[in-house]
Amino acid sequence: MAITLLKLLESHTLGLKAHTDITDVGVTPIEWAAVTELRDPSPFLTGGEIVLTTGLRQNTIAAQEAFVDTLAGAGVLALGFGTGLSHRNVPAAVIRKATELGLPVFEVPYETPFVAITKLIADALNDDHLKRLEQLLQGHQKLASTLLTGGLRAMLNELSRKMGTAVALTQYAAKLHGPELGGDEWHRVPIATGMRDKCTLYLAEPYSHDGLVHYAQSLIGLELANQALLRESNRMVAGQTFSDLMAGTLKGPEADARLQGIGVVPNRPHSVVLVAAESGQETALRTLPIPPGFDHVVSAIVDDRLALVVARNDGTEVADGIDAFLQGAGIKATVGFGGGYTQPNGLRWSFFEAVEALRHGERINTPSKLSLTSLLLAARDVPLQALALEALEPLQAFDKKHAAELLGTLRSYLELDGSVGSVAEALGLHRNTVRYRLQQVSELSGYDPTTTADRVQLWLALKAVDLN
């Protein structure tokens, strides 16, 4: 620790003598010693130091009092007056004025050079600095080793112990660690992770602000960035398994083995929750952390959507949780989920039900029970794409050439249960215009949307297009 005024005066080698009361500041560490013979040294003083002078320019009582007044105004800790050169003794005016202002004054005898005092102070400051560096280095090593052996939470607990205060961490507006942030005063430290995640470290005030926090700031940023890269890598691998399963190329024991490899137990019921982000925010889903409390969920990236595999019959809880998490994170997205089924084919059914649910367009989209559409979409050996190409390509070509909106009219007609009047009202058309467009659909596609059998064919073709 830096030397105090009391310890300085107790040094037998220096032979210093106090001429005023030092009780109030005796145990205050001395920040530095300034040697001066200026009448007004205040421009060179910062406060907290002691001033050493021989009083060369303090030859009158007025000058002596003005000098003391200047030092007191500058926040000097004490005045050391050297005797035996300009003054045989410490001037009485200096002692009187210093006593009046509460500024400690001590005598430095002729035999004691000022450099001996400054060296003692410098050595004490240097020792204190080295101890601080050693403690800081030990703190760095302890935080790093705790992170490597116990993970991020263990490191944050160690930081809290060393700082002697509560520590909390948030990311995407969700609390990852620590107490609730209400009530206490918190110092906020932003964490750079390379993502737009508003990651922040909180430390409860009061606490000693030192370099350990800056080191922890870097460690946390690196750890969260590494976790994000690992999540992205794992999700891309799991996404390939999902894509193969959805395409129908992954079956039997191989399907079981690959699903187990990404953490899915095939013989247990699973529900698939799908997250579709708005355009421009899809990449955030690759590294988005799973909300606290849902660590058991297996995640994958499939067609720029985040797929969450929930080991339960109902995905409602996870859908609600991920929706709330997305809202807090500022990511605009829709969430849909499928029913809970066992075995790889069941996982496919749940996935396609979730795809269908997303078509509802709400923030959270609840699935219908397993439908014929879901089954057909899950059965990739059914030539739905060929059906879609055969039925819809002529309509797409005609729309592109004539801007006829046949596909849009057909979709509206099927979604509104074949009601010409409802379609006309929804699209702002005359009923005869709707009928004429439906006739064109029939002539170009070969399927008559006004008959039940052909309507089913066209509906499935549109669903196949939506899936792609």
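Please refer to the structure placed before this passage.
Below you will find a few notes about this structure. (Residues numbered from 1 in each chain as written. Predicted model: local features only at pLDDT ≥ 70, side-chain atom pairs only at ≥ 80, totals over all residues. Heavy atoms only, no water.)

Some details on the sheet that holds strand β12 (residues 305-310)
Picture the strands of a sheet paired through backbone hydrogen bonds; they go either parallel or antiparallel. The strand order across the open sheet built from five strands is β11-β12-β10-β13-β14, with neighbouring strands paired in mixed fashion. Strand pairing shows two members of the sheet lacking a second neighbour, β11 (298-302) and β14 (364-365), which therefore form its edges. Where β11 meets β12, five bridges bridge the pair, whose relative direction is antiparallel. Looking at β12, one finds that V302 is bridged to R305. (Pairing = 2+ DSSP bridges. Helix = DSSP H or I, 4+ residues; strand = E, 2+ residues; numbered from the N terminus.)

Concerning the pairing of strand β13 (residues 333-337)
Among the five residues of β13, four are classified as buried, and the element is accordingly described as predominantly covered. As defined by bridge partners, strand β10 (residues 271-277) adjoins β13 across five bridges and the pair is classed as antiparallel. Paired with V273 across the two strands is F337, which belongs to β13. In this structure, β13 lies alongside β14, joined through two bridges in parallel fashion. The residue bridging G336 from the neighbouring strand is N365, located in β14. (Buried < 20%, exposed > 50% of the residue type's maximum accessible area, 1.4 Å probe, protein only.)

Considerations on the sheet that holds strand β9 (residues 200-204)
In spatial order, the strands read β7-β6-β9-β8; together these four strands make up an open sheet with antiparallel pairing. Each edge of the open sheet carries a strand with a single partner, namely β7 (174-177) and β8 (186-190). When the angles between neighbouring strand axes are averaged without regard to direction, this sheet yields 30°. The strands that helix α5 (residues 152-163) touches are β6 (167-171), β7 and β9; relative to β6, the one it contacts most, it runs at about 140°. (Axes fitted to C-alpha atoms, helices over the stretch in contact; angles between N-to-C directions. Contact = heavy atoms within 4.5 Å.)

Quick word on the pattern of salt bridges
By the definition in use, this model includes eleven salt bridges. Among the salt bridges present, the one from K162 reaches E158, with a minimum N-O distance of 3.9 Å. Residue K162 and its partner E158 are located together in helix α5, separated by four residues, close to a single helical turn. Relative accessible area serves as the criterion here: at 35%, K162 is assigned to the partly exposed category. Taking the relative accessible area as the measure of exposure, E158 reaches 9% and is therefore buried. Between E415 and R359 there is a salt bridge; the shortest N-O distance is 3.2 Å. Taken together, the residues E415 in helix α13 (residues 406-415) and R359 in the loop between α10 (343-358) and β14 connect sequence positions 56 residues apart. Through salt bridges that share partners, E158, R161 and K162 make up one connected network. (Salt bridge = Lys/Arg side-chain N within 4 Å of Asp/Glu carboxyl O.)

Purely spatial values, then, with no claim about function.
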